[in-house]
Amino acid sequence: MSSRRVHALVLPLSLCGFLVVASGCSLYHAKPLTAAAVEGNLKVPPTAVLQMEASKLRHPVLRPVKIDLRNGVNPDEAAVLAVLLNPALRADRDRRGLATAQLVQAGVLPNPQISYGRDFVVGGNTAGAITAYGFGASWDVTSLITLLPKIESARANVRSVDLDVAWVEWQAAQAARTAVFKVATLEAQLAAAQEADRALHENVATLKKAVDLHEKTILDLSAAESTSEDARLTALGLKQELAKERLALNRAMGFPPNTPARIETPRSSPQLSPPSESELTADLETRRLDLLALKAGYESEDASLRTAILAQFPKISIGFNRAGDTSNVQTLGFGVSVDLPIFDRNQGTIGTERATRQKLFDEYTDRVFQARSDIATALSDIRLLNQQVAEAEKAVPTLERLVTTAKAALDEGNTDVISYYRSRYDLILRQVELLKLKQQLIEAWIALEIASGRYLLGAQLS
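A short tour of the structure in this document, coming up. This one's a predicted model, so the numbers in the text were calculated from it and none came from an experiment.

## Looking at the overall build of the chain
When helices and strands are tallied, the chain shows 11 helices and 4 strands. For the chain, the proportion of its 462 residues judged to be buried stands at 34%.

Following this line, the structure appears as structure tokens:
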């Protein structure tokens, strides 16, 4: 390759570098997608850092809490930890940067265009001829017409994204709270089931001795062994479900799967008394974050539609030029170029924006309808579950008295051991059923909080 050709390649590359620097562009530095970088992004910060971030939490619904993991994780702490650490939420929050960049781009005007040319005299009647030149500058003035609605659309989109991210955070926080209640309930259920398993196992051992002494029959022993096996399978099933819910809790909070997350047992509380349906639905559209996000999205799309309509205005470019011909005649002038909107009148874009705006309006209407229905459903569930919990709580003392009576009768020889252990097993099953009903009540309460878009006091587990 000759020297001339090498210079011909170097010059354009240098010019490109000059243009990049002159336009304000910076070099792109990619974050390495390595295992170490990923692990560093997934690492749970120290407790002191979590406490500081939790105290500075700014959210439309979530309240800042004081993180103290020494006593275990309570529902409110789990909610805040989910917002701070959940990788899915961190990825979702990246949408804010995209919306902000779109807002910046919306306010950027198009660059002016400049042109320059030279005509060299190379032959013919060249007496007195000089090199001709031409210089021109032009700019698309119609960009000013759509500037304001584009900025309005981008600003509304930023608000919509912020509110939508906050809504996703609120749902994730509630999911973490629910997971804490589930783990607490399952721990209590497992303890009761293991107690039943232990008692029935003792019953089987006692009956085996009685069969050897010909005081009980093989049929009695088989019935006891069957009941004991049922209790053991119940305990094993609850143990498996508890392990699954612990993993779900870790995932919701952004903890690694193998992290032992000890929970703080929620405080006791009487039956839950929610506000009235009219109170919960009042001003719902100004309170629920997803409805506010859809409203801002509708405003953004409405501004986009206005932008598309204004873009029908013919594109006009105004330019100025200065030139000199080979006879040294200097000229100075201007030019105007106008697009004739004969074929392309931006009708496709207008139709798309109008259809999108209508779609957002219908989505907003449907979401309001769903929110009101969810509130009514949750209130109905809470009322029915309150009744079921009350009835189950009444039945427990009766079964406890029955167990006490059966134990006294067994000691006096007035009943058999099978009847006694069966009554104990029935009591434990009823206690487990009561815990499940309370868990369902808590889940219905949290569903009501999500549907109404606000915290409601009293959602604790007995």
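## Some thoughts on the nonpolar core
In this structure, Leu280, Ile375, Ile382, Leu441 and Leu448 are the most contacted members of the largest nonpolar core, which totals 42 residues. Going through the elements one at a time, helix H6 (147–212), helix H9 (289–310), helix H10 (347–412) and helix H11 (417–452) are the ones with two or more residues in this core. The residues contacting leucine 441, other than those within four sequence positions of it, are Leu272, Ile382, Leu385, Asn386 and Val389.

## Considerations on helix H5 (residues 87–106)
For H5, spanning 20 residues, the distance from its first C-alpha to its last is 30 Å, which sits close to the expected 28 Å at 1.5 Å a residue. All of the buried residues along H5 are Leu89, Asp92, Arg93, Ala99 and Ala106. Down the axis of H5, the sector holding all buried residues measures 100°, keeping them to one side. Across H5 from its buried face, at more than 90 degrees, point the exposed residues Asp94, Leu98, Val104 and Gln105. Close packing links the buried residues of H5 with helix H4 (75–85) and H6. Sitting at the head of H5, asparagine 86 places a side-chain oxygen 2.9 Å from the backbone nitrogen of alanine 88.

## Some remarks on the pattern of salt bridges
Under the counting rule described, the total for this entry stands at 23 salt bridges. For lysine 182, the salt bridge is made with glutamate 443, and the minimal N-O distance between the two is 3.9 Å. With lysine 182 in helix H6 and glutamate 443 in helix H11, the pair connects residues that are 261 residues apart, well separated along the chain. A residue is classified by how much of its surface remains accessible, and lysine 182, at 26% relative accessible area, is partly exposed. The exposure class assigned to glutamate 443 is partly exposed, which follows from its relative accessible area of 29%. Because the salt bridges share partners, they merge into one network encompassing Glu152, Asp302, Arg306 and Arg357.

## Topic: a nonpolar patch on the surface
Among the surface-exposed residues, Ile318, Phe320, Phe334, Val336 and Val338 lie close enough to one another that they form a single nonpolar patch of about 500 Å² accessible area. Among the secondary structure elements, those contributing two or more residues to the nonpolar patch are strand E3 (316–324) and strand E4 (330–338). Counting residues per element, the nonpolar patch draws most heavily on E4, which supplies 3 residues. By the element assignment, valine 338 lies in strand E4. Exposure remark for valine 338: the relative accessible area of 44% places this residue in the partly exposed category.

## A short note on the sheet that holds E3
Reading across the sheet, the 4 strands line up as E1-E2-E3-E4 and stay open at both edges, with antiparallel pairing between neighbours. For this open sheet the edge positions go to strand E1 (113–119) and E4, each flanked by a neighbour on one side alone. Going from strand to strand, the sheet's axes swing by 15° on average, the running direction of each strand aside. Note: E1 against strand E2 (residues 132–140), 7 bridges, orientation antiparallel. Residue pairing in the sheet places arginine 118 in a bridge with tyrosine 133 of E2.

Rules behind the numbers
Residues numbered from 1 in each chain as written. Predicted model: local features only at pLDDT ≥ 70, side-chain atom pairs only at ≥ 80, totals over all residues. Heavy atoms only, no water. Helix = DSSP H or I, 4+ residues; strand = E, 2+ residues; numbered from the N terminus. Buried < 20%, exposed > 50% of the residue type's maximum accessible area, 1.4 Å probe, protein only. Core = buried A, V, L, I, M, F, W, Y, C linked by side-chain atoms within 4.5 Å. Contact = heavy atoms within 4.5 Å. Expected span 1.5 Å × (residues − 1). Arc of directions from axis to C-beta. Polar contact = N/O pair within 3.5 Å; in protein donor to acceptor, adjacent residues only side chain to side chain. Salt bridge = Lys/Arg side-chain N within 4 Å of Asp/Glu carboxyl O. Patch = residues over 30% accessible without salt bridge, like charges linked within 9 Å, V, L, I, M, F, W, Y side chains within 5 Å. Areas by Shrake-Rupley, 256 points an atom, 1.4 Å probe, with all protein chains shown as cover. Pairing = 2+ DSSP bridges. Axes fitted to C-alpha atoms, helices over the stretch in contact; angles between N-to-C directions.

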